[in-house]
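Descriptive structure summary
Each chain, written out:
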Amino acid sequence: MRISTVTEKAYAKLNISLDVTARRPDGYHDMRMVMQTVSLCDDISVTLRSDSSVSVGTNLHYLPRDDRNIAVKAAKAFFAKAGMTNHGADIGIVKRIPVCAGMGGGSSDGAAVLRALNSLTGNPLTLRELEDLGGSLGSDIPFCIAGGTALAEGRGEILTQLPQIPDCFFVIAKPRFSVSTPELFSRLDLCSIKYHPDTQGIINSLKSRDLKGICLRLYNVFENVLPAKPDDIPSIKNTLLDFGALGALMTGTGSAVFGIFDSEDKAIAARSYLALQYSDVFLAKPQNRLEI
Ligand code: C5P
C-alpha cells in the first residue's frame, strides 16, 4: 500500500580544498577538506510503502537498481536504524550530476533518501543520527545531509560548519574519462606529497568574506596523482582562468574541474566555450546549508 511521497533536491558538492593527512588502520585515509554545496542537483522522490520492498527508478539506464545503488542501501539502512523493518520505499531519481565526477552525486542521492524517509516517518532520527548513519554508507554522505560550506575531517564524517562562501558562480566541466576513487587513493604516496592546501587560510578567507583569498588557495592533492596525467584537467583549468575565473581546481578524486567567477557574464562565456568540447558542462551557484 502506498502512503505518501516526499521530494528532495540532492545537491552536488565541490572541494574548495582536499588534503589527505594519514593512512588509517581501517584502510581509509584521514582527510581535511573544505566542501561546498552547489545548486546543480538530482531530484529524488520517495514514496513510503507498507511492505518491505525497496525499488528505484532512474533516467540513467546504466545505474544499478538493486542493492548496489546507494539510494537503496540508504533506504534499507534507515528502516533498520529506525526499527521499521516492515517498511519499504519506491525511489525515483532524476540524475543531472555526472557520475564518477568527484561531485558527490551518489552520496547526495543517498543523503536525500535519508532526509526524505526521516521526514516521511515523523523525524525519528536527529541530524547527528542521520549523519552517523550516512557515514556507515559512504564517507561523503555525512556532509551531504545538510551541506552548505563545511570543513570535513576524519574519513569525511567530522564536520565543522563554516561561513557560507561569498556569492559567486561555479562553472563545472567533466572530461569524458572517469577516475576510480579507490584506485586514486591506492596511488597516493603520503610521503611524496610535496604541497598541502592552506586550509586555515581558506577558513580565514571564508570568515573575512574574501572570495579572491579563497580562490588563490584552491588546492587538491589528488591532482598530482592522476593516472597518466590526463591533459583535460590542466586544459579545462587554463580555459576557465583565461575566461576570468578567480581560481580553478579538480574536485574530489575527479574528473570534474571547476572555476570560480565573480562575474556571471564571464561564467556564461566560459560555460559556452567549454560546452563546445565537453558534454557535461554546468553553471551553478553556492547552495546554503539545509535546515534539518
Ligand atoms: O566511503 P566511500 O565508499 O566513499 O569510499 C570509497 C573508497 O575511497 C574507499 O573504499 C577507500 O578506498 C577510499 N577512501 C579512503 N579514505 C577516505 C574516503 C575514501 O581511503 N576518507
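Not measured: the values here are computed from a predicted model.

A few words on the side chain of S263. Note that S263 resides in the loop between β10 (257-261) and α9 (264-275). Since its relative accessible area comes to 17%, S263 is described here as buried. For S263, the side chain forms a polar contact with the main-chain nitrogen of D265, separated by 3.4 Å. From its side chain, S263 meets the backbone nitrogen of K266 in a polar contact 3.0 Å long.

In this section: unusual backbone geometry. The amide bond that connects G254 to the next residue, S255, takes the cis arrangement and shows omega of 10°. Positionally, S255 belongs in the loop between β9 (247-250) and β10. With a phi angle near 50°, C100 is a residue other than glycine that sits in the positive phi range. Within the secondary structure layout, C100 lies in the loop between β4 (88-94) and α2 (105-120). A relative accessible area of 48% means that C100 is categorised as partly exposed. Its identity as a non-glycine residue notwithstanding, R209 has a phi of 55°, on the positive side. Locating R209 in the fold gives a position in the loop between α6 (199-207) and α7 (211-216).

Here we come to the confidence of the model for the protein chain. Per-residue confidence for the protein chain gives a mean pLDDT of 96, with 99% of residues at or over 70. Confidence scores differ between elements of the protein chain, with helix α5 (residues 181-187) showing the lowest mean pLDDT of 92 and β10 the highest of 99.

Moving on to the pattern of salt bridges. Note that side chains of opposite charge can pair when their charged atoms are close. Scanning all chains against the criterion turns up 18 salt bridges. Here E8 and R115 are joined by a salt bridge, their closest N and O atoms 2.9 Å apart. Taken together, the residues span a long stretch of sequence, with E8 in strand β1 (residues 2-23) and R115 in helix α2 at a distance of 107 residues. Across the pair D67 and K76 runs a salt bridge, and its minimum N-O distance is 2.8 Å. According to the relative accessible area criterion, K76 is partly exposed, its value standing at 39%. Three or more residues are tied together by salt bridges with common partners; here these are K9, D43 and R96.

Taken together, G27, Y28, H29, M31, G138, S139, R155, T181, P182 and F185 form the complete shell of residues around the ligand. Between the ligand and the protein, one listed contact pairs an oxygen atom with a side-chain N or O atom of H29 at 2.7 Å. Interatomic distance of 2.6 Å between a side-chain N/O atom of S139 and an oxygen atom of the ligand. Here the ligand, which alone exposes 450 Å², has 72% of that area covered by the protein. Going through the elements one at a time, β2 (29-49) and α5 are the ones with two or more residues in the shell around the ligand. Looking at the shell around the ligand element by element, the count peaks at three residues for α5. Residue-level mapping places the shell around the ligand at the junction of two domains, with at least three residues from each of domain 1 (5-161) and domain 2 (169-284).

Turning next to the domain arrangement of the protein chain. Looking at the protein chain, the domain boundaries give domain 1 (5-161) and domain 2 (169-284). The straight-line distance from the C-alpha centre of domain 1 to that of domain 2 is 23 Å. Taken together, the 27 residues of domain 1 in the interface contact 34 residues of domain 2. When domain 1 packs against domain 2, the two sides together hide about 2,300 Å² of surface, and 71% of this comes from carbon and sulfur. Counting across the interface, domain 1 meets domain 2 through zero salt bridges. Across the domain 1-domain 2 interface, the total number found is nine residue pairs in polar contact (both at pLDDT 80 or more). The set of elements that each furnish at least two residues to the side of domain 1 that touches domain 2 consists of β1, β2 and β5 (149-154).

Rules used throughout
Residues numbered from 1 in each chain as written. Predicted model: local features only at pLDDT ≥ 70, side-chain atom pairs only at ≥ 80, totals over all residues. Heavy atoms only, no water. Helix = DSSP H or I, 4+ residues; strand = E, 2+ residues; numbered from the N terminus. Buried < 20%, exposed > 50% of the residue type's maximum accessible area, 1.4 Å probe, protein only. Polar contact = N/O pair within 3.5 Å; in protein donor to acceptor, adjacent residues only side chain to side chain. pLDDT = per-residue confidence, 0-100. Salt bridge = Lys/Arg side-chain N within 4 Å of Asp/Glu carboxyl O. Near = heavy atom within 4 Å. Areas by Shrake-Rupley, 256 points an atom, 1.4 Å probe, with all protein chains shown as cover. Domains from an automatic or database assignment. Contact = heavy atoms within 4.5 Å. Buried area = accessible area lost by both parts, 1.4 Å probe.

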